[in-house]
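Take a look at the letters that make up each chain.
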Amino acid sequence: MDSPAAGPGLPRVPLPVLYALLAALATAANIGAQDLLLRLYHGPWHVAASVALGTGTGLVLKYVLDKRYIFRFRARNAAHDARTFVLYVSAGVLTTALFWLSEWTFDHAFGGDRLMRYAGAVLGLAAGYWLKYHLDKRYVFRGGGAGAQA
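Undergrad: Quick question: what am I supposed to make of empty space enclosed by the protein here?
TA: One simple way to see leftover space: roll a probe sized like a water molecule over the atoms. Across all of its chains, the model carries 1 cavity of 30 Å³ or more by this definition. If you add up the space inside the largest cavity, you get close to 190 Å³. Looking at the largest cavity, it is lined by 15 residues, and the ones nearest its centre are Leu59, Thr95, Thr96, Leu125 and Tyr129. Contributions of two or more residues to the lining of the largest cavity are made by α2 (46-70), α3 (78-109) and α4 (114-140). Residue composition of the lining of the largest cavity, grouped by class: 5 nonpolar, 8 polar and 2 charged.

Written out as structure tokens, the structure reads:
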């Protein structure tokens with residue numbers, strides 16, 4: 001299936017490739033936010049705080065990208081967009097748990113090595129994004145928006 005994001009004069013990108021690119025962008029934002037916080041804050045709960053910040057950063061960015069470029073979803077109004085975001089977050093609870101479990105498992109298994117923890121995060125995010133796409137397609141962006149795909 002071709003990408004809904006292609007426009008006049010732009011090459012058509014297969015949807016799985018586009019989704020992977022956008023997931024990689026959100027992953028980079030997540031890891032970047034974590035790393036920035038860890039460089040600035042060394043107090044108690046520094047790892048948990050970095051994971052929370054990274055998760056929030058990646059979540060908001062991925063919602064905006066998925067809504068526009070993957071599902072071509074246009075909310076009818078702000079309330080509809082807010083409800084859709086709540087569904088998006090709800091569908092992400094399981095995938096976020098998978099990501100956090102993977103990251104913290106690597107952190108523990110490799111004695112707190114930052115690069116190995118990030119490797120665990122990337123693996124968890126990749127598996128989570130695969131599952132998240134299927135949940136979003138079925139339950140979150142399944143019509144109702146002005147430009148939504150069925």
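Undergrad: When you look at the side chain of lysine 67 in this model, what are you seeing that I'm missing?
TA: As for its placement among the helices and strands, lysine 67 is situated in helix α2. For lysine 67, a relative accessible area of 17% corresponds to the buried category. Apart from residues no more than four positions distant in its own chain, lysine 67 is found in contact with Arg72, Phe73, Asp81 and Phe141.

Undergrad: Help me out: how do you make sense of α3 in this one?
TA: Each turn of an α-helix holds 3.6 residues, which means side chains three or four residues apart point in the same direction. In a regular helix each residue adds 1.5 Å, so 32 residues correspond to 46 Å; α3 covers 44 Å between its end C-alpha atoms and thus fits that length. Along its length, α3 shows its largest kink, about 45°, at valine 93. Those residues of α3 not exposed but buried are His80, Thr84, Tyr88, Ala91, Gly92, Thr95, Phe99, Ser102, Glu103 and Asp107. The inward-facing, buried residues of α3 contact α1 (15-40), α2 and α4. A positive backbone phi angle near 60° is found at glycine 111, which sits one or two residues after α3.

Undergrad: Is there a simple way to think about the nonpolar core in this case?
TA: Proteins that are soluble and globular tend to have nonpolar side chains buried together. Counting residues in each nonpolar core, the largest one holds 23 residues, and the members touching the most others are Ile70, Phe71, Tyr129, Tyr133 and Phe141. Put simply, the parts of the chain that give this core at least two residues each are α1, α2, α3 and α4. For this core, the element with the highest residue contribution is α1, accounting for 8 residues.

Undergrad: For this particular structure, what's the right way to read α2?
TA: Under the 1.5 Å per step criterion, the end-to-end length of α2 is 34 Å for 25 residues, consistent within 8% with the ideal 36 Å. When α2 is considered as a whole, its buried residues turn out to be Val47, Ser50, Val51, Gly54, Thr55, Gly58, Lys62, Tyr63, Leu65, Asp66, Lys67 and Ile70. Looking at the packing, one finds that the buried side of α2 touches α1, α3 and α4. Looking one or two residues beyond α2, the residue adopting positive phi is arginine 72, at roughly 45°.

Undergrad: Sorry, what's going on with a nonpolar patch on the surface here?
TA: Where nonpolar side chains cluster on the molecular surface, the patch consists of Leu36, Leu40 and Tyr41 and spans about 320 Å² of accessible area. Relative to the elements of secondary structure, tyrosine 41 occurs in the loop between α1 and α2. For tyrosine 41, a relative accessible area of 33% gives the class partly exposed.

Calculation criteria
- Residues numbered from 1 in each chain as written.
- Predicted model: local features only at pLDDT ≥ 70, side-chain atom pairs only at ≥ 80, totals over all residues.
- Heavy atoms only, no water.
- 1 Å grid on protein atoms, 1.4 Å probe; cavity = no way out; pocket = protein on both sides within 12 Å on 5 of 7 lines; lining within 4 Å.
- Points joined across faces, edges and corners; volume = space filled by probe spheres on them.
- Helix = DSSP H or I, 4+ residues; strand = E, 2+ residues; numbered from the N terminus.
- Nonpolar A, V, L, I, M, F, W, Y, C, P; charged D, E, K, R; others polar.
- Buried < 20%, exposed > 50% of the residue type's maximum accessible area, 1.4 Å probe, protein only.
- Contact = heavy atoms within 4.5 Å.
- Expected span 1.5 Å × (residues − 1).
- Bend = angle between axes of the 7 residues up to and from the residue.
- Core = buried A, V, L, I, M, F, W, Y, C linked by side-chain atoms within 4.5 Å.
- Patch = residues over 30% accessible without salt bridge, like charges linked within 9 Å, V, L, I, M, F, W, Y side chains within 5 Å.
- Areas by Shrake-Rupley, 256 points an atom, 1.4 Å probe, with all protein chains shown as cover.
- Salt bridge = Lys/Arg side-chain N within 4 Å of Asp/Glu carboxyl O.

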